[in-house]
Amino acid sequence: MTTFRIAPSILSADFARLGEEVKNVVAAGADIIHFDVMDNHYVPNLTIGPLVCQAIRPHVQVPIDVHLMVKPVDRIIPDFAKAGANIITFHPEASEHIDRSLQLIRDHGCKAGLVFNPATPLSYLEHVMDKVDMILIMSVNPGFGGQSFIPQALKKIEEARRLIDESGRDILLEVDGGIKIDNIAAAAKAGADTFVAGSAIFGQPDYKAVIDAMRTQLATV
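Residues numbered from 1 in each chain as written. Predicted model: local features only at pLDDT ≥ 70, side-chain atom pairs only at ≥ 80, totals over all residues. Heavy atoms only, no water.

Along the chain, Glu 174 falls in strand β7 (residues 172-176). Look past the residues within four positions of Glu 174 in its chain and what remains in contact with it is Ala 7, His 34, Asp 65, Met 134, Ile 135, Leu 136, Ile 137, Thr 194 and Val 196. (Helix = DSSP H or I, 4+ residues; strand = E, 2+ residues; numbered from the N terminus. Contact = heavy atoms within 4.5 Å.)

Pasting the structure below:
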């Protein structure tokens, strides 16, 4: 039986009430809090840094999943680890030495993962599966919240699931971008087990109703 995890992205939260927002979404049933970190270099947007992670950490017991859309990545990995991150993922294009970056995350006590944009091949995984705890498939191009799901991502999720199953390792398969009540089951059927949702949750008045509806869809898989 697959354990499905809902990971609301605080990118879509009300930043004037961020601590309250995070507490509310966890109370509504969130399994993970997802941080979208953008640097205005690797992606054309600027969001949050380690200080926000540090500020949120005391307010939640669930894991914090930090998605680094920054280049280079190695400099900031220790900062997020010290700020309380549990999982840190990065894009292979943003690291000069992918194996080293993955090991750096693990050396700082966090789970490590790679993120794949819609046009990024999964071949980067070939020699580093032993250091990967999470694979994150982007179902939109990174940089902005509120984008629509790219259906081609389902094929990539299926391929990533096959690679995970063949490895025999316990690796989370996360999908991020345009996840909503009406497409979460399709992503789960393709093999995803962890689902990032931003505006689909934080854009609604009742977080629990949305998360419950997502779980109802997942129960059909």
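This is not the end of the story, as more comes after the structure.
This brings us to the UniProt feature "active site" (unreviewed entry) in the protein chain. Under the UniProt annotation, the feature "active site" (unreviewed entry) is placed at Asp 36 and Asp 176. A maximum C-alpha distance of 10.2 Å among these annotated residues, which run over 141 residues, shows that they cluster at one spot. Annotated residues from the preceding list that form part of the lining of the largest cavity: these are Asp 36 and Asp 176. Other than its neighbours up to four places away in sequence, Asp 36 contacts Ser 9, Leu 11, Thr 47, Ile 48, His 67, Met 69 and Asp 176. (UniProt positions renumbered as here; feature names shortened; annotations may be inferred. 1 Å grid on protein atoms, 1.4 Å probe; cavity = no way out; pocket = protein on both sides within 12 Å on 5 of 7 lines; lining within 4 Å.)

Our next topic: the layout of surface pockets. The probe, sized like a water molecule, is rolled over the atoms to show the empty space still left. As a volume, the largest pocket reaches approximately 170 Å³. Contributing to the lining of the largest pocket are Arg 5, Ile 32, Pro 63, Ile 87, Lys 111, Asp 133, Asp 170, Ile 171 and Leu 172. Residue composition of the lining of the largest pocket, grouped by class: 5 nonpolar, no polar and 4 charged. (Points joined across faces, edges and corners; volume = space filled by probe spheres on them. Nonpolar A, V, L, I, M, F, W, Y, C, P; charged D, E, K, R; others polar.)

Attention now moves to empty space enclosed by the protein. Counting across every chain of the model gives 1 cavity of 30 Å³ or more. Estimates place the volume of the largest cavity at around 240 Å³. Contributing to the lining of the largest cavity are 25 residues, with Phe 144, Gly 145, Gly 146, Asp 176 and Gly 177 lying nearest its centre. The set of elements that each furnish at least two residues to the lining of the largest cavity consists of β2 (33-38), β3 (64-69), β8 (194-197) and α7 (199-202). The residue makeup of the lining of the largest cavity, split by class, is 11 nonpolar, 11 polar and 3 charged.

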